[in-house]
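# A look at the structure
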Amino acid sequence: MNKLQLEKKIAEECKALLAELKQSNQKFDENGLKALQIRLWEIGDKYGTDGANVFNICMKHFNQIDEEQ
Amino acid sequence: MLKHGIAIIISNSEYDDSNIIDLPSCKKDGEDVSSTLYEMGFDIIKVSDSCRDNMIEKIIEFIEIIPLYQTNFFYYSGHGLQIDGKNYIIPKDTKLQSNKDLLIRTSLVDIDLIINGFKNNPDKTNIIVLDACRTNPFLSKGFTNKGLAEISAGTGTFISYATSPNDVSIGYNSENLNSLFTKYFIQNIGKPNLTIEDIFKLTRIDVENESEGTQVPWESTSLKGGFYFLTKDENEINEEIYNEITNSIDEGSILVNLSEKYRITITEIYKRYYYHKMNLPGGIYLGDTEIFSLALKRILDLGYYYRNYRWYFRGKPVRMGEFLHRVPTLEESTLDVEFSFHTYKAKDNVVLEIFTNLPEGMKFGCKTVSPDHKLKGSASCEVKNRKLVFELGGDLNKYVEIEIFNLSYSLQPESVLESIGDRGQNIKSENSYYDSINGYQIKKHLIICTYLQQ
């Protein structure tokens, strides 16, 4: 897979992640950040990148992901 | 993994004869050298605490297999001795005896077995490492000297001794510690892209430093080409740096370790880290100056500090390198100072509120110019919620003239100094002036019509 294809795959995973976060009603506090960090890194490990980069991709495609939900 | 060498690792730590001192650290030496070389792509023949017959059998197995490999490595840790200029290994079942010939023929193992095996393969890379120069149990018998003798080997051979000829090396009475020479040998052999000569030079420096000059490792070489135990290309090194930093708990210490391992500065480590990260999916592109800005902030957060023109971490100097970070331009850093004021009556006094865009916590003084008026309360005040507050008393039926001025920069908090720059150099205002001793100073003259407050 090239980088663009990987990015699209990660964006799909982020869609699921955001849906999960919305349903869980997790507050945006220290515990929420830790939970988000763990999930981001899980996605990162799956695709050979790191959590921060997954977050970048998520924010880059955020509007599109939010609309589709 | 491609196997580029065969290694025979012999270590003897426990001896049957109670007159021969046990060497507990040799056990760990053998284990650690075996595992290190195995990870580097050597096939291993491991012999530990072995009797003479078994040892000779394994050495014969090793010599027979030498032609199949490019690199041949012999390591020994334990008791060894020299007799008439020749070196011998002492197996675990050796008995202390006075007859030299009997001892050689029945108990000891001649290192010449290995030397001759290597001589028959001069085109290979043959390496001998002897950590065997210990307190000689046979010294009292009169036919041996302390330490080992210098070996004469054929071409294509590199020989390393834990200490200089006829001298003694340091071991420890613990199974959990390596002997001094082997400890540093293992550390340095893991550094990539170093020739074998450089690895042993570094080992010599480390051993000599720790032993305060009493133990000086020795080498002799007739190798015909360059030999590297471990080579890594730039991408592998960058990936390793990235993984180490990402997975670290103590990032500050990891940076120092990486700097020593790869012999590069800490700024270079961060540069490689960010380059690798940028190239991963989702990575944001950063210019060099942005990378160095991020690295500088991270370094300061980790507890590194600059003193006497050197960088330190936990009290030890480090190789930091240059930070070629983005320096703010004059326009970006200049602060246009603004003032506006408001007064109101409070009991018999007038409260003067001066609104300003100067940084929170910046300290100002105030004095009345007209003699009929006095300040109530403190003559100094700091900016809070973007304003300064002073109280005035006296005859409030006249104009009041006051002057506000910033207190000396040595009295200002650090957060203020960061904003206003060194000696106020960022301040730009019609109300500021330059003083050669104190730098840029702010002074504002105000005339207030207090009688209008009635």
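Look above for the structure.
The shown structure was predicted, so the numbers you read here are calculated from the model rather than taken from an experiment. (Residues numbered from 1 in each chain as written. Chains lettered and ligands numbered in written order. Predicted model: local features only at pLDDT ≥ 70, side-chain atom pairs only at ≥ 80, totals over all residues. Heavy atoms only, no water.)

## Notes on the sheet that holds strand β3 (residues 71-77) of chain B
All names here are of chain B. Read from one edge of the open sheet, six strands run β2-β1-β3-β7-β8-β9, paired in mixed fashion. Each having just a single partner strand, β2 (42-48) and β9 (218-221) make up the two edges of the open sheet. Averaged over neighbouring strand pairs, the angle between their axes works out to 10 degrees when direction is ignored. When strand β7 (residues 125-131) meets strand β8 (residues 157-161), the two strands line up parallel, connected through five bridges. Residue Leu130 lies in a different strand from β8, and its bridge partner there is Tyr161. Contacts between helix α1 (residues 25-39) and the sheet are confined to β1 (5-11), β2, β3 and β7, with β2 contributing the most and set at about 165 degrees to the helix. Together, β3, β7 and β8 form the strand contacts of helix α4 (residues 112-119), whose direction differs from that of β7 by roughly 165 degrees. (Pairing = 2+ DSSP bridges. Helix = DSSP H or I, 4+ residues; strand = E, 2+ residues; numbered from the N terminus. Axes fitted to C-alpha atoms, helices over the stretch in contact; angles between N-to-C directions. Contact = heavy atoms within 4.5 Å.)

## Some remarks on the nonpolar core
Ile8, Ile10, Phe62, Phe74, Tyr76, Ile128 and Leu130 of chain B are the most contacted members of the largest nonpolar core, which has 33 residues in total. If you look at the next biggest cluster of nonpolar residues, it comprises 29 residues, including Ile264, Ile266, Tyr273 and Ala295 of chain B. (Core = buried A, V, L, I, M, F, W, Y, C linked by side-chain atoms within 4.5 Å. Buried < 20%, exposed > 50% of the residue type's maximum accessible area, 1.4 Å probe, protein only.)

## Quick look at the side chain of Ser34 of chain B
Residue and element names in this part refer to chain B. On the secondary structure map, Ser34 appears in helix α1. On the accessibility criterion, Ser34 (7% relative accessible area) is buried. At a separation of 2.8 Å, a polar atom in the side chain of Ser34 contacts the main-chain carbonyl oxygen of Gly30. The residues touching Ser34, leaving out its near neighbours within four places in the chain, are Ile9, Ile44 and Lys46. (Polar contact = N/O pair within 3.5 Å; in protein donor to acceptor, adjacent residues only side chain to side chain.)

## Digging into the environment of Thr356 of chain B
All names here are of chain B. With respect to the helices and strands, the residue Thr356 is situated in strand β15 (residues 349-356). Separated by 17 residues in sequence, Thr356 and Phe339 have C-alpha atoms that sit 4.8 Å apart. Residues contacting Thr356, with those up to four places away along its chain left out, are Val337, Glu338, Phe339, Val383 and Arg386. Of note is the side chain of Thr356, whose polar atom sits 3.1 Å from the backbone nitrogen of Leu358.

## Remarks on the sheet that holds strand β10 (residues 305-307) of chain B
Residue and element names in this part refer to chain B. If you trace the three strands from one edge of the open sheet to the other, you get β10-β11-β12, paired in antiparallel fashion. Of all strands in the sheet, those with a lone pairing partner are β10 and β12 (316-317), marking the two edges. Two strands pair when backbone bridges link them, and β10 and strand β11 (residues 310-313) are joined in this way by three bridges, in the antiparallel orientation. Directly across from Tyr306, in β11, lies its bridge partner Trp311.

Shape is all these values report; function is a separate question.
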